[in-house]
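# Summary of the model geometry
Listed below, chain by chain, are the residues.
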Amino acid sequence: MSDLEMAATTELGARPGEVPPAAGGTPPPKTRSLAGDAWYDLRRNWIFWVAAALVVLVVLMAVAPGLFSSADPTACNTRRQYAGPSGGAILGYDFQGCDVFSRTVHGARASVLVGLFAVLLTGVIGLVFGMLAGYFGGWLDALLSRVIDVVLGIPLLLAAIVLSKRLAADRSGSGIVSVVIVLGILGWTTAARVMRSSVLAARSQDYVAAARMLGAGPLRIMWRHILPNALAPFIVVLTIALGTFIATEATLSFLNIGLRPPAISWGIDIATAGKHVREAAMPLIAPSLFLTLTVLAFIMLGDAIRDAFDPKLRR
Amino acid sequence: MARYIIRRLLQMVVTFIGTTFVVYALMFANQNDPLQALAGDRPVSDNVRQVLTEQYHLDDPFLVQYAYYMKGLLTGDLGRTLTGRPIGDVMADAWPNTIKLALLALFFAALFGIGAGLVAGLRRGTVFDNTTLALTLVVVGLPIIVLAPIAQLVFGVKLGWFPTTAGARPDLYGLILPALVLGAASTATILRLTRTSVAENVRADYVRTARAKGLAVRRVVSVHVLRNSLIPVITLIGVDLGNLMAGAIVTEGVFNIPGVGSKLLLGIQTEDGPLVVGFVSVLVIVFLVTNLLVDLLYAVLDPRIRYE
Amino acid sequence: MTYQQYPHPTHGYPASGESQTAPVVAGWGDDRSASWDTPTAAWTTAPSRARVERPTSGEHLLDVRDLRVEFDTRDGVARVVNGISFHVDPGETLAILGESGSGKSVTAQAVLGILDTPPAVVRGGQVLYGGEDLLTMAPERRRQVRGQEIAMVFQDALSALNPVYPVGWQITEALRSRRGIAKADAKRRAVELMDLVRIPAAAQRVDDYPHQFSGGMRQRVMIAMALAMRPKLLIADEPTTALDVTVQAQIMDLLATLRAELEMALILITHDLGVVADVADRITVMYAGRVVEQADVHTLYGAPAHPYTRGLLASVPRLERRGQGLHSISGTPPNPIAIPQGCAFHPRCPYAQQMCRITEPTLLRIGRLDRASACHFPPEALDARHA
């Protein structure tokens, strides 16, 4: 679990009972439903807009890198090693004579893909496990809680190291699938915990008891009554997790156990440039900056949403 | 208290068995050729194959293998690296540096994190608060693989304030920059949690009671607000240790510190499977034990837990 | 418990002839009263009391004049206390009565100077303690008054006690940090104080933590803590609200007994007319941050001079009115952000006239010396007209 996920769960998990009900988007000044109020707050939070803009930018780079740089990131020529900016290569060339700007732009795709799919995977696993544990309780809850303890007992990166060695055994492709599976297997615990505590809080609410008395089945209750209320903290945790997953992917690639060339990853480029930092700083700075901004964007986004949904922290 | 300790110990045993099993299983279970996986890309000679088969008891059923592995872990026998060195020796050489680095990093993190977090929590909404909050956000978003080389570039290469690499026998001064880098993320999270916690506790009823007693502000803050605010922070530090370990791999690698992390990194890069498994297992145990200690410390700090 | 003479500390009261005859305030140097203290080190060291001028004859122990407190909130300025005045004399029990949100707790906290500022702002008025205005006093000096001269018991003892320290430690914290008494003495003092508030097996329980006590016992711990510095005035803010009814009576009895034993003045803040009847000497009724009626307890119960007090009285269950059904005041207390024009009570008042909607009534003395009501048409007058 990453630092921020921890911070998110400690802050959110502490008061699952105050998780706001996600009622419709009524205008805040009048009725002030908590979701409406949250959106009202969010719209006035500049951090939210900065983060959202950055996210849009990164996603755009991932989808259509050609919009930003027409140069081929793999067209490298060692004769241009460390050459200064020229033409389209506004940031110059790196150790292998590749266009730094182009490589940085194209690096977004791997990060976004890994982050997105890893979050989807952890989201699904976390949702199912968290709901089951929270709703049915008893031995199932005890068992899943132990499983979470075990997974949390292995620091994410250490487990990822072992696991990626394992998955890397078949050396085919760029490694994106392996990294997604690694992150998915190891990263779902926070999401599951948050979902579990939200479900526990929602379960004890009167309207859930009422729905149950009216004969609604567990699936319907979970879907119609519990999920909407548990969604806000879940989304916050997943948004922040997206940022940390991207950072973890870069770290794995940096350690040479994540993505492999020909995949273009910021982590790989940072590792390579770091070794030659005395010769040229730009090949290090450019991917570092983009990686940081991307991670930051998702973390800020999650932070802003959490603040909006957390009435206690409002001033 | 005794009941709490016993319960935590039992829980830890279960988690311990679970985690080691998972680590071991990840490495060896359902592998077509576990030896090739251990050795990575390099060709495996018959000699090495035989040694490894013996070391990991690969001819035995899986659970027996795991039992041997557990026995080795508990007796401190971690086997040998692919190059034939006892893994225990490699660790013994590396630990002191890593412990120094980690303690220094934790010290910085606790010092700056709690100090600034306290001030920010007491003065919510001030310039100081907003600035530190923005700074921590940036730091949290800075992956260590970015922070370490950039810090090395700026403070080592360009400004020359610190040595760029720590060298074979790192002294305290050489460890300061790596420790700051390693502790940066923890500093930020500790700061944020302290701030939230302090801001909450300042408004607590018992703080109002303390003020009603006419205690000096300094005493109200240190004895009542800070003490109670540190309880969640202590827990965070325990969990953070896992990140510290991960960070140490990168930091030690970048600053060339001969510690557990850089040895592990070397093992990964040279695809020395036995070393990686051995190191990861020990690190996981260290993580579990520290978390147990943190839990006990938590009980010392919060009597409500103790008498549960 | 042994009662022994408490050694007279030399504090800076002016020994003028006039003040010699002034009502003597709890304990200190009062020759007629035996002190409840045992002479431990704690009590033989002269306490570092604030130099608070002794009240000259005719002055009150605490005299609050036209106190105004506002809160800055997201939705606007909440006028929570709107110019309230009351006074307490030494050894007297004053009950401040009002619904939740009427500003009584804020008043108490403003008197003690423990309001959170911001959001709270004291907009005006005077809080005279022994003739000196606490509001304009230097903060350090005011802190000296806090706890030593005026102490407070809070409503919810579970949250008002720090969960991570033993109760004995908390009871004597002020003694240790402010009077510098030794740890061993402090523990002995803690046991004595716990005995004083009738906590059974005090010596065994002194190192227990708040969560290990029952609600009633916790409230006793709170009281012991407030008494540790031997204040002259104890403010009890809803001391029994969080408790079971049977325990409520015990705590009220305890407070009354202690007040007499220690010769303190007591301000009892409550929303429950029932609990104060046997304990209070005088009652101040608050509504929407204003005083609406002041009277001694018998007069107030016998002939309430404000429709609001009347409504409150009618809502107390009484044996002799069994079967008549309980009356309740319709409507809700006003939002402090939008207090109604004129008399704040007029939307809920059965006697409201046009005048009540326009002009705010002032607190006027009626008949007897210490009796006042803020009503244009006090029920007494109405009754007289109907008669």
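The rules behind the values
Residues numbered from 1 in each chain as written. Chains lettered and ligands numbered in written order. Predicted model: local features only at pLDDT ≥ 70, side-chain atom pairs only at ≥ 80, totals over all residues. Heavy atoms only, no water. Helix = DSSP H or I, 4+ residues; strand = E, 2+ residues; numbered from the N terminus. Buried < 20%, exposed > 50% of the residue type's maximum accessible area, 1.4 Å probe, protein only. Contact = heavy atoms within 4.5 Å. Areas by Shrake-Rupley, 256 points an atom, 1.4 Å probe, with all protein chains shown as cover. Core = buried A, V, L, I, M, F, W, Y, C linked by side-chain atoms within 4.5 Å. Buried area = accessible area lost by both parts, 1.4 Å probe. Salt bridge = Lys/Arg side-chain N within 4 Å of Asp/Glu carboxyl O. Phe/Tyr/Trp six-rings, centres within 6.5 Å; stacked < 30°, edge-to-face > 60°. Lys NZ or Arg CZ within 6 Å of the ring centre and 35° of its normal. UniProt positions renumbered as here; feature names shortened; annotations may be inferred.

## Looking at the overall build of chain C
- Of regular secondary structure, chain C possesses 16 helices and twelve strands.
- For chain C, the residues scored as buried account for 55% of the 387 residues in total.
- Restricting to contacts in chain C with at least 6 residues of sequence separation, those with at least 24 account for 69%.
- Surface summary for chain C: the accessible area is close to 16300 Å², and the carbon and sulfur share equals 52%.

## Overview of the environment of Val202(B)
- Note on placement: Val202(B) falls in helix α8 (residues 172-202).
- Judged by relative accessible area, which is 25%, Val202(B) ranks as partly exposed.

## A short note on the nonpolar core
- Residues Leu291(A) and Leu264(B) are the most contacted members of the largest nonpolar core, which totals 141 residues.
- Considering every element that reaches this core, the biggest residue donor is helix α10 (residues 218-254) of chain A, with 17 residues.
- Within the second largest apolar cluster, 125 residues are counted, among which are Ala210(B), Leu215(B), Leu112(C) and Leu233(C).

## Looking at the interface of chain C and chain B
- At the junction of the two partners, chain C supplies 28 residues and chain B supplies 23 residues.
- Across the chain C/chain B interface, buried area totals approximately 2300 Å², and carbon plus sulfur atoms make up 53% of it.
- A per-residue breakdown of the area chain C buries against chain B is headed by Pro163(C), Val164(C) and Glu173(C), which together make up 22% of the total.
- Here chain C and chain B share two salt bridges between them.

## A few points about the packing of aromatic side chains
- Following the criterion strictly, the structure yields twelve aromatic pairs over all chains and no others.
- Taking the centre distance of 6.4 Å and the plane angle of 50 degrees together, the rings of Trp266(A) and Phe290(A) count as tilted. Here Trp266(A), found in helix α11 (residues 266-275), pairs with Phe290(A), found in helix α12 (residues 282-309); they are 24 residues apart in sequence, far enough to count as distant.
- With 4.9 Å between their ring centres and 80 degrees between their planes, Phe21(B) and Tyr66(B) make a pair best called edge-to-face. Of this pair, Phe21(B) sits in helix α1 (residues 2-28) while Tyr66(B) sits in helix α4 (residues 62-75), and the two are 45 residues apart along the sequence.
- On the basis of relative accessibility, which here comes to 31%, the residue Phe21(B) falls in the partly exposed class.
- Relative accessible area serves as the criterion here: at 9%, Tyr66(B) is assigned to the buried category.
- Of the aromatic side chains, those joined through ring pairs into one cluster are Phe107(B), Phe108(B) and Phe112(B).
- One residue, Arg176(C), lies across the ring of Trp169(C), its end atom 4.7 Å from the ring centre.

## Re the UniProt feature "domain: ABC transporter" (unreviewed entry) in chain C
- Under the UniProt annotation, "domain: ABC transporter" (unreviewed entry) lies at residues 64-313 of chain C.
- Each end of residues 64-313 of chain C is marked by a C-alpha atom, and these two atoms are 26 Å apart; helix forms 39% of the span and strand 27%.

## Digging into the UniProt feature "transmembrane region" (unreviewed entry) in chain B
Residue and element names in this part refer to chain B.
- Here the UniProt-annotated "transmembrane region" (unreviewed entry) positions come out as residues 9-29, 101-122, 134-155, 175-193, 229-255 and 275-301.
- Taken end to end, residues 229-255 has its terminal C-alpha atoms 35 Å apart, with 100% of it in helix and 0% in strand.
- Annotated as 100% helix and 0% strand, the span residues 275-301 places its first and last C-alpha atoms 38 Å apart.

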